[in-house]
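For reference, the chains in residue letters:
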Amino acid sequence: MTDGDAPAADDHALAAELAAAAGRVLLGVRDEVGFADARALKDTGDLQAHEHLMAALRERCPGDAVLSEEGRSSVAGKRARGDDQAPTRNTATAERLTAERVWIIDPLDGTREFSEEGRRDWAVHVALWERGSGGAGRLAAGAVALPAQGLTLRTAAAGGALLVRDEPVGPDPATGRAGGRDQPREVPLHAPAPDAGKLRIAVSRTRPPELVERLAAKIDLDVELVPIGSAGAKISAVLLGEVDAYVHAGGQYEWDSAAPAAVALAAGAHASRVDGSPLAYNREDPRLPDILVCHPVSASTLLTGIRDG
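Parameters at a glance
Residues numbered from 1 in each chain as written. Predicted model: local features only at pLDDT ≥ 70, side-chain atom pairs only at ≥ 80, totals over all residues. Heavy atoms only, no water. Helix = DSSP H or I, 4+ residues; strand = E, 2+ residues; numbered from the N terminus. Rg over C-alpha atoms; globule rule 2.2 N^0.38 Å. Contact = heavy atoms within 4.5 Å. Areas by Shrake-Rupley, 256 points an atom, 1.4 Å probe, with all protein chains shown as cover. Buried < 20%, exposed > 50% of the residue type's maximum accessible area, 1.4 Å probe, protein only. Pairing = 2+ DSSP bridges. Core = buried A, V, L, I, M, F, W, Y, C linked by side-chain atoms within 4.5 Å. pLDDT = per-residue confidence, 0-100. Salt bridge = Lys/Arg side-chain N within 4 Å of Asp/Glu carboxyl O. Polar contact = N/O pair within 3.5 Å; in protein donor to acceptor, adjacent residues only side chain to side chain. Axes fitted to C-alpha atoms, helices over the stretch in contact; angles between N-to-C directions. Parallel < 35°, antiparallel > 145°, perpendicular 65-115°, else oblique. Nonpolar A, V, L, I, M, F, W, Y, C, P; charged D, E, K, R; others polar. Phe/Tyr/Trp six-rings, centres within 6.5 Å; stacked < 30°, edge-to-face > 60°.

A. Local environment of the overall build of the protein chain. When you go through the protein chain residue by residue, the secondary structure sums to eight helices and twelve strands. Relative to the 2.2 N^0.38 estimate, which gives 19 Å for 309 residues, the radius of gyration of the protein chain is 19 Å and therefore close to what a compact globule would have. Overall, the C-alpha framework of the protein chain stretches about 55 × 50 × 50 Å when taken along its three principal axes. When contacts within the protein chain are restricted to residue pairs at least 6 apart in sequence, long-range pairs at least 24 apart make up 66% of them. Accessible area of the protein chain: about 14,000 Å², with a carbon and sulfur share of 47%.

So, in C-alpha cells, the structure goes:
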C-alpha cells in the first residue's frame, strides 16, 4: 500500500481483473447449465462467481476483509448445481468494522437478467473501501464488469476512470503479427452531459418506478424512462451515455452500488443518496436503500425535483 489515503496502484487493476474473471466464470455457467432451469442457473452463477472472488481475494489480499452478497448467513443454504458446499462466509461484522481495507463485492448483480437468454444487462461488482488516515472511510477503487457486453468499467490509479473493451485487437502494424485474442482496449471514461431539454432515466424492469414517475412529472424536461436490468448495468449506462440518470429508492445494499458508485465518481459523475447526502459504506447495517447517479449538470434539478415531488 502507498502512504496516506491513496490506494495501492494495483488495487484498481486488481478490482478490474477480478470482476472480469468472475464474469468469465458466469459466462461459462450460462453455457454449462443452460436456461431451462432458471433457479439452478441463478444459484450456480451466484455461488460460483462468489467462490471465485473469495478464493482470489484470500490469495491476493489475505489481510483484507470482505463483504459479499453471497457471504451472508441468510444465504447459507444456497447451493450451486453439483456442489453441496455452503457458501464461504463474509468476514465477521465486528472484524470488518475495524478493518483498514474491505472489499465489497456483488458476484452477480442482476440474477434475473443473467437467467434470461440473450439479456446482457447484468454485472459483477468489485469495490475496495479503505479507512483513511483520519479514520473516515471511502471507496478507493472499483470495477464493474458487464461480461455479456465484453466491457469493464474501472477506476484508474492515476485518477479518473477507464472503459476496457475485451475484444480482439488487429495485427501490429509494425510486425504484421496478430494481437492476442483477449487483449483489452482501454479508453478514458467520462460521464457525458445530457442533451439540452431532455433526460433519459434508467428504471427497474420489475419494480414500479413511483418516485421516478413523480419526478418526471415535476421537472421541466422531456423525460424518457428506460427500463434496464441490474443496478450496475443502469449506472454503467449513465457513464456510457445510453441514459442520463439513475434514480432509485426501492431498497438496495452496499454491494449493489459500491463498485458502480466508485467508477461513477471517478468518471466525474454525481453520485449520492436521493436527499443529496454522501453514500457511505462499510456500515454495520449494509442496507443502502437509495441512490442518484447523473452528470453534475443534472444533479440540482433532480435533487430539487425529488425533494419537492
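B. Quick peek at the environment of Thr 301. Secondary-structure assignment places Thr 301 in helix α8 (residues 296-308). We classify Thr 301 as partly exposed; its relative accessible area is 38%. Remark: the alpha-carbon pair of Thr 301 and Val 187, spanning 114 residues in sequence, is separated by 30 Å.

C. Representation of the pairing of strand β3 (residues 123-131) in the model. Taking burial as the measure, the nine residues of β3 include eight buried ones, the bulk of the element. Where strand β2 (residues 101-109) and β3 come together, seven bridges link them in antiparallel fashion. Directly across from Val 102, in β3, lies its bridge partner Trp 129. Across eight bridges, the pairing between β3 and strand β4 (residues 137-146) is antiparallel. Residue pairing in the sheet places Glu 130 in a bridge with Arg 138 of β4.

D. Focus on the nonpolar core. Membership of the largest hydrophobic core comes to 43 residues, with the highest contact counts inside it found for Ile 104, Leu 189, Leu 239, Tyr 281 and Val 293. The element best represented in this core is helix α7 (residues 254-266), accounting for seven residues.

E. Here's a closer look at the confidence of the model for the protein chain. When pLDDT is averaged along the protein chain, the result is 91; 91% of the residues meet or exceed 70. Taken as a whole, residues 1-5 scores under 50 in pLDDT and shows nine contacts with residues more than four places along the chain or in a different chain.

F. Quick look at the pattern of salt bridges. Using the criterion set out here, one finds 19 salt bridges in the structure. For Asp 121, the salt bridge is made with Arg 119, and the minimal N-O distance between the two is 2.7 Å. You can call Asp 121 buried: its relative accessible area is 8%. Between Arg 273 and Asp 290 there is a salt bridge, and its shortest N-O distance comes to 2.7 Å. Placement of Arg 273 in the loop between β11 (270-272) and β12 (291-294) and of Asp 290 in the loop between β11 and β12 is noted, with a sequence separation of 17 residues between them. We classify Arg 273 as partly exposed; its relative accessible area is 21%.

G. Expanded view of the side chain of Asp 256. Along the chain, the position of Asp 256 falls in helix α7. For Asp 256, a relative accessible area of 13% puts it in the buried group. Polar contacts involving the side chain of Asp 256 include one to the main-chain amide nitrogen of Tyr 253, which spans 2.8 Å. The contact partners of Asp 256, leaving out residues within four places of it in the chain, are Asp 106, Asp 109, His 125 and Ala 231.

H. Fine view of the packing of helix α6 (residues 231-239) against α7. Running from amino to carboxyl end, α6 crosses α7 at an angle of 10°, the nearest separation of the two axes being 9 Å. It follows from the interaxial angle that α6 and α7 lie roughly parallel. Residues Ala 231, Gly 232, Ile 235 and Leu 239 of α6 form the contact with α7, whose own contacting residues are Asp 256, Pro 260, Val 263 and Ala 264. For the contact of α6 with α7, the residue count by class is six nonpolar, one polar and one charged.

I. Seen up close, unusual backbone geometry. Unlike most non-glycine residues, Asn 282 shows phi in positive territory, near 55°. With respect to the helices and strands, Asn 282 occurs in the loop between β11 and β12.

J. View of the packing of aromatic side chains. Tallied over the full model, the rule gives two aromatic pairs. Measuring from ring centre to ring centre gives 5.0 Å for Phe 114 and Trp 122, while their planes differ by 80°; the resulting arrangement is edge-to-face. What makes Phe 114 buried here is its relative accessible area of 0%. With a centroid separation of 5.0 Å and 5° between ring planes, the pair formed by Tyr 253 and Trp 255 is classed as stacked. Overall, Trp 255 belongs to the buried group, its relative accessible area being 1%.

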